[in-house]
Amino acid sequence: MRRSRLAAIGLAAATFIGTAVSLVIGAPSATAALSNNWYAAAPYLMPVSNNPPDPITVMNATGLKAFQLAFILAPNGGGCSPTWDGTNAVSSDTTVANVISRIRGNGGDVSVSVGGYGGTKLGQTCGNVAATAAAYQQVITKYSLKAIDFDLEEPEYENTAAIANELGAAKTLQANNPGLFVSVTMPGTAAGTGWFGTQLLDQAKSIGFSPNNFSIMPFDGGFNGGSSQVSALEALHGLLMSHMGWDSATAYSHEGFSGMNGKSDASEMFYTADFQTVYDYATSHGLGRFTFWSVNRDRACVGTTDNGVCSNVPQNDWDFTKFSVRFAGATPPQTTPTVTTTPTTPGGGSCTAAEWDRTKVYVKDDVVKHNSHKFTAKWWTQGEEPGTTGEWGVWVDNGAC
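Given the structure is predicted, the values throughout are model-derived calculations rather than measurements.

This part takes up the overall build of the chain. Of the regular secondary structure elements, the chain holds twelve helices and 17 strands. Across the 401 residues in the chain, those meeting the buried criterion constitute 53%. Excluding contacts between residues fewer than 6 apart, the proportion of contacts in the chain whose partners are at least 24 apart in sequence is 72%. If you sum the accessible surface of the chain, you get close to 15,100 Å²; carbon and sulfur atoms cover 54% of it.

This is how it looks when you write it as structure tokens:
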């Protein structure tokens, strides 16, 4: 989860919190833990960066109950104290605490993710396992957490000592906070994960650490749709058996998917159909986690193509979030989309245009052939099938050939 995570940093927190909401001073009120399936399904949300949506709006529209808040880092200036995004100290935070209180007040809860792609990680600066664990315990205590995610990426991912600190801290937190849901997220490859990922698994095995799941991020690595992601997950399944010593069922139940909705940093495209493919695999094989980066991006691009704040694929708001709700075992609220109908102009003439291609980008006045009809694009589009009814209404049907 790379550069799109860092876009639009520093947006005012008020954008997220909304108006006429007072800040909560100190820790957010504790709430009863949700069932683990909600923490396993919680999608990532940056609460103060990347133009965050109002979580209550997302919850009410989708039925979602849990978010994965990102990211806890070491201070940008160095040190072993937890901060949000390297700048805002957890010890004095009221902004994220208020966000958490609002989510809990609406019947939900949060997990907090530590690490991510950018910035300096506490495993790199805290020096040893005990100090790293103590820093993360401050976060758990401050926000009364029932779940935490270790998102272990570059450059920490290649640092053996730092990874030992992170995994050792995760094991310590697991022991000191009974019932804590712990996920470990790492880069994915066609082989499941790379050399550093297998070293991470070996380190976990050597210290006797078993998180609730090891999740891979199968994107930014030459992936092409859901089928390639499923192949990577199946490869990870084999690695979990061989490196952790688990049988097949145990490996599946401790395996997770952490996808990227829409256009990835490497310009791979993942549509809702790709999420459906992976979702079907995850549920049929009993995987332990299904999440994605990120809710901030779970909306169509309007007036911007900033990959940190929108998906760059055709969608309705929160279409990808609804997969998380389904994975948690709930049914998303049904909504009736606004349908735009376009009158059909009879007499399309001969279809000399090229056949429509789902992967191709079309712009205004581009002409294609599809299902023996001729269509003209009204504006930029990609992946929206001509002749289907939808709220975008991008294609004008010029009639049968």
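The rest of the description comes next.
Taking 1.5 Å of rise per residue, 19 residues should cover 27 Å, and helix H9 (residues 226–244) covers 26 Å from first to last C-alpha, within 8% of that figure. Of the positions making up H9, those classed as buried are Gly226, Gln229, Val230, Ala232, Leu233, Leu236, His237, Leu239, Leu240 and Met244. Immediately beyond the C-terminal end of H9, within one or two residues, lies glycine 245, with a positive phi of roughly 75°.

This next bit is on the state of the cysteines. Within the structure shown, the criterion is met by two disulfides. Through a disulfide, cysteine 80 is tied to cysteine 126; the S-S separation comes to 2.0 Å. For the disulfide bridge between cysteine 80 and cysteine 126, the dihedral angle about the S-S bond is near 105°, and by the sign convention the bridge is right-handed. Of this pair, cysteine 80 sits in the loop between strand S2 (66–73) and strand S3 (83–84) while cysteine 126 is found in the loop between helix H5 (122–125) and helix H6 (129–143), placing the two residues 46 residues apart along the sequence. On the basis of relative accessible area, cysteine 80 is assigned to the partly exposed category, the value being 29%. A disulfide bridge connects cysteine 301 with cysteine 310, and the sulfur atoms are separated by 2.0 Å. Because the torsion about its S-S bond is 95°, the bridge between cysteine 301 and cysteine 310 counts as right-handed. Accessibility expressed as a relative area gives 24% for cysteine 301, which makes it partly exposed. Looking at cysteine 310, the relative accessible area reads 1%, which means it is buried.

Each packed pair of helices is defined by two parameters, the angle between the axes and the distance between the axes. Between helix H7 (residues 160–176) and helix H8 (residues 195–206), the least distance of the axes is 10 Å, while the angle of their chain directions is 45°. On the basis of their axis angle, the class for H7 and H8 is oblique. Crossing of H7 against H8: the hand is right-handed. Contacts between H7 and H8 pair Ile163, Ala164 and Leu167 from the former with Leu200, Gln203 and Ala204 from the latter. Residues belonging to the contact of H7 with H8 are distributed by class as follows: five nonpolar, one polar and no charged.

Bringing a nonpolar patch on the surface into the picture now. Residues Val361, Val363, Trp379 and Trp380 make up a contiguous nonpolar surface patch of roughly 370 Å² in combined accessible area. Judged by relative accessible area, which is 42%, valine 363 ranks as partly exposed.

Here the focus is the pattern of salt bridges. For the structure on display, the rule yields three salt bridges. The partner of aspartate 54 in a salt bridge is arginine 102, with the nearest N and O atoms 3.0 Å apart. Here aspartate 54, found in the loop between strand S1 (44–45) and helix H3 (55–62), pairs with arginine 102, found in helix H4 (residues 95–105); they are 48 residues apart in sequence, far enough to count as distant. With relative accessibility at 25%, the residue aspartate 54 sits in the partly exposed group.

At a minimum axis distance of 8 Å, the contact between H6 and H7 shows a crossing angle of 55°. One element, H6, and the other, H7, form an angle in the oblique class. Between H6 and H7 lies a crossing whose hand is right-handed. Note on element contacts: H7 touches H6 through Ala164, Asn165, Glu166, Gly168, Ala169, Thr172, Leu173 and Asn176, opposite Val129, Thr132, Ala133, Tyr136, Gln137 and Ile140. When the residues that make up the contact of H6 with H7 are grouped by side-chain class, the tally is seven nonpolar, six polar and one charged.

On average, residues of the chain carry a pLDDT of 88, and 87% of them reach 70 or more. pLDDT under 50 marks residues 3–25. Its contacts with residues more than four places away, or in other chains, come to 61 contacts.

Side chains Val368 and His370 project from strand S14 (residues 367–370) onto a buried face, and the interleaved Val367 and Lys369 project onto a face without burial. Note that S14 and strand S15 (residues 373–377) share four bridges and pair antiparallel. Bridge pairing in S15 places valine 367 opposite threonine 376. Taking the residues that link successive antiparallel strands as the turn, the S14-S15 hairpin has two residues, and the phi of asparagine 371 there is positive, at about 50°.

Glancing now at the environment of glycine 226. Within the element layout of this structure, glycine 226 appears in helix H9. For the pair glycine 226 and tyrosine 271, spaced 45 residues apart in sequence, the C-alpha to C-alpha distance is 8.6 Å. Filtering out sequence-adjacent residues up to four positions away, glycine 226 remains in contact with Asp274, Thr277 and Val278.

Cis geometry is found at the peptide bond from alanine 70 to phenylalanine 71, where omega equals -5°. On the secondary structure map, phenylalanine 71 appears in strand S2. Here the bond from tryptophan 293 into serine 294 is cis, since omega is 0°, no more than 30 degrees from zero. Backbone geometry places aspartate 85, a non-glycine residue, at a positive phi of 60°. Note that aspartate 85 resides in the loop between S3 and strand S4 (88–89). A positive phi angle, near 75°, is found at tryptophan 318, a position not held by glycine. The residue tryptophan 318 is located in the loop between strand S12 (289–293) and helix H12 (321–327) in this model.

About the criteria used
Residues numbered from 1 in each chain as written. Predicted model: local features only at pLDDT ≥ 70, side-chain atom pairs only at ≥ 80, totals over all residues. Heavy atoms only, no water. Helix = DSSP H or I, 4+ residues; strand = E, 2+ residues; numbered from the N terminus. Buried < 20%, exposed > 50% of the residue type's maximum accessible area, 1.4 Å probe, protein only. Contact = heavy atoms within 4.5 Å. Areas by Shrake-Rupley, 256 points an atom, 1.4 Å probe, with all protein chains shown as cover. Expected span 1.5 Å × (residues − 1). Disulfide = S-S within 2.5 Å. Axes fitted to C-alpha atoms, helices over the stretch in contact; angles between N-to-C directions. Parallel < 35°, antiparallel > 145°, perpendicular 65-115°, else oblique. Left-handed = near helix turned anticlockwise from the far one by under 90°. Nonpolar A, V, L, I, M, F, W, Y, C, P; charged D, E, K, R; others polar. Patch = residues over 30% accessible without salt bridge, like charges linked within 9 Å, V, L, I, M, F, W, Y side chains within 5 Å. Salt bridge = Lys/Arg side-chain N within 4 Å of Asp/Glu carboxyl O. pLDDT = per-residue confidence, 0-100. Pairing = 2+ DSSP bridges.

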